[in-house]
Amino acid sequence: MRIDVLSLFPEALEPFFEASIIGRARQSGIARIHCTDIRGFAGNRHQKVDDRPFGGGPGMVMMCSPVFDAVANVESEDPVPATRILLTPQGERLTQRVARELACLPRLLIICGHYEGFDERIRLGLAPREISIGDYVLSGGEAAAMVLVDAVVRLLPGAVGDEESIEDESFSRGLLEYPQYTRPRTFRGMEVPEVLISGDHARIEEWRRSESARRTRERRPDLLEEKGQTQDTD
Ligand code: 6GU
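Every value quoted in this text rests on a predicted model; they were computed, and no experiment measured them.

**Observations concerning the overall build of the protein**
Turning to step 1, where the next piece is worked out: Along the protein, the regular secondary structure elements total nine helices and 10 strands.
Turning to step 2, where the next piece is worked out: Dimensions along the principal axes, computed over C-alpha positions, put the protein at roughly 70 × 40 × 40 Å.
Turning to step 3, where the next piece is worked out: Of the contacts formed within the protein by residues at least 6 apart in sequence, a portion of 74% connects residues at least 24 apart.
Turning to step 4, where the next piece is worked out: For the protein, the exposed surface amounts to about 13500 Å²; the carbon and sulfur share of it is 52%.
Turning to step 5, where the next piece is worked out: Within the protein, one finds 30 positive and 39 negative side-chain charges whose respective centroids are separated by 2 Å.

**Quick look at the domain arrangement of the protein**
Turning to step 1, where the next piece is worked out: Split by domain assignment, the protein resolves into domain 1 (2-153) and domain 2 (171-227).
Turning to step 2, where the next piece is worked out: Relative placement of domain 1 and domain 2: their C-alpha centres are 37 Å apart.

**A word on the site of the ligand**
Turning to step 1, where the next piece is worked out: Taken together, Leu87, Thr88, Pro89, Ile131, Ser132, Ile133, Gly134, Tyr136, Leu138, Gly140 and Ala144 form the complete shell of residues around the ligand.
Turning to step 2, where the next piece is worked out: In this structure, Leu138 approaches the ligand through a main-chain N or O atom, which is 3.0 Å from a nitrogen atom.
Turning to step 3, where the next piece is worked out: Where the shell around the ligand is concerned, the elements lending two or more residues are strand S5 (83-93) and strand S8 (129-132).
Turning to step 4, where the next piece is worked out: Considered class by class, the residues forming the shell around the ligand number seven nonpolar, four polar and no charged.

**Brief notes about the packing of helix H1 (residues 10-18) against helix H6 (residues 142-153)**
Turning to step 1, where the next piece is worked out: Running from amino to carboxyl end, H1 crosses H6 at an angle of 25 degrees, the nearest separation of the two axes being 10 Å. Taken together, the axes of H1 and H6 lie roughly parallel to each other. Taken as a pair, H1 and H6 cross one another with a handedness that is right-handed. Across from Ala12, Leu13, Phe16 and Phe17 in H1, the residues of H6 making contact are Glu142, Ala145, Met146, Val149 and Asp150.
Turning to step 2, where the next piece is worked out: Split into classes, the residues belonging to the contact of H1 with H6 amount to seven nonpolar, no polar and two charged.

**Structural notes on the sheet that holds S5**
Turning to step 1, where the next piece is worked out: Within the open sheet, the five strands sit side by side as S2-S1-S6-S5-S8. Their pairing is parallel. Only two strands of the sheet have a single neighbouring strand rather than two, namely strand S2 (32-37) and S8. The sheet shows a mean angle of 30 degrees between the axes of neighbouring strands, direction not considered.
Turning to step 2, where the next piece is worked out: Relative to S8, S5 runs parallel, the two sharing five bridges. Across the sheet, Leu87 pairs through a bridge with Ile131, a residue of S8.
Turning to step 3, where the next piece is worked out: Lying over the sheet, helix H3 (residues 64-75) contacts strand S1 (2-7), S2, S5 and strand S6 (107-112), oriented at roughly 160 degrees with respect to S6.
Turning to step 4, where the next piece is worked out: Sitting on the sheet, H6 is in contact with S1, S2, S5 and S6, with an inclination near 160 degrees to S6.

**As for unusual backbone geometry**
Turning to step 1, where the next piece is worked out: In this structure, Pro184 follows Arg183 across a cis peptide bond, with omega equal to 5 degrees.
Turning to step 2, where the next piece is worked out: Despite not being glycine, Ser20 has its phi angle at roughly 55 degrees, a positive value.
Turning to step 3, where the next piece is worked out: On the secondary structure map, Ser20 appears in helix H2 (residues 20-27).
Turning to step 4, where the next piece is worked out: Under the relative-accessibility criterion, Ser20 is labelled exposed at 59%.
Turning to step 5, where the next piece is worked out: Backbone geometry at Arg188 places phi at a positive 50 degrees, although glycine is not the residue there.

Cut-offs used in this document
Residues numbered from 1 in each chain as written. Predicted model: local features only at pLDDT ≥ 70, side-chain atom pairs only at ≥ 80, totals over all residues. Heavy atoms only, no water. Helix = DSSP H or I, 4+ residues; strand = E, 2+ residues; numbered from the N terminus. Contact = heavy atoms within 4.5 Å. Areas by Shrake-Rupley, 256 points an atom, 1.4 Å probe, with all protein chains shown as cover. Lys, Arg positive; Asp, Glu negative; His and termini not counted. Charge placed at Lys NZ, Arg CZ, Asp CG, Glu CD. Domains from an automatic or database assignment. Near = heavy atom within 4 Å. Polar contact = N/O pair within 3.5 Å; in protein donor to acceptor, adjacent residues only side chain to side chain. Nonpolar A, V, L, I, M, F, W, Y, C, P; charged D, E, K, R; others polar. Axes fitted to C-alpha atoms, helices over the stretch in contact; angles between N-to-C directions. Parallel < 35°, antiparallel > 145°, perpendicular 65-115°, else oblique. Left-handed = near helix turned anticlockwise from the far one by under 90°. Pairing = 2+ DSSP bridges. Buried < 20%, exposed > 50% of the residue type's maximum accessible area, 1.4 Å probe, protein only.

So this is what it looks like as structure tokens:
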């Protein structure tokens, strides 16, 4: 998969994309990630990429021209058609289902906003899929781009060592994860549940299943409702 990220702060993104699972996926060619500075397409002496909103009001608005030019330039680097994604708090909420959908695509082009928002003609002219990572306000789309790229890249075949660990995780089955333990068996008086040391794999699986269900009931009953209503958490 190729992923292009257009941002005013590509230097904030790069170190994250070099680390850990994403960094490894890049090195092995599973994910080809390119960050592009939108300011490089400002096309004026002052490198201006934002301006005051028509009609007045606070803050600055991201201008059309640098964003359109950056998109055209980056898209022309590779014939593979890109799915355009605009990161804004007004988008569709990022869920595991959305991450799985995006992980099936050959190419993503992610546009990070800054300032008070985008000129509406960026939405009209580029027809991007608009995605938000949650109901809170970030000062820019960069942190959201890191979240999105992480959620997608780890789903690419070969990105995570043990494919089973993806299957088993929170949300993949629509439930929260069961409690995990490692050595030592006793730490500050706290014991590892006996069942996990029993070697009885059927009992262990049953215990994990029931802890997972209990945790979800206690902490995220909304997930159980969704699971009942839809098929895609299975
Ligand atoms: Cl994608 N961008 C910004 N600026 N704030 C957000 C967001 C995105 N998702 C949640 N809050």
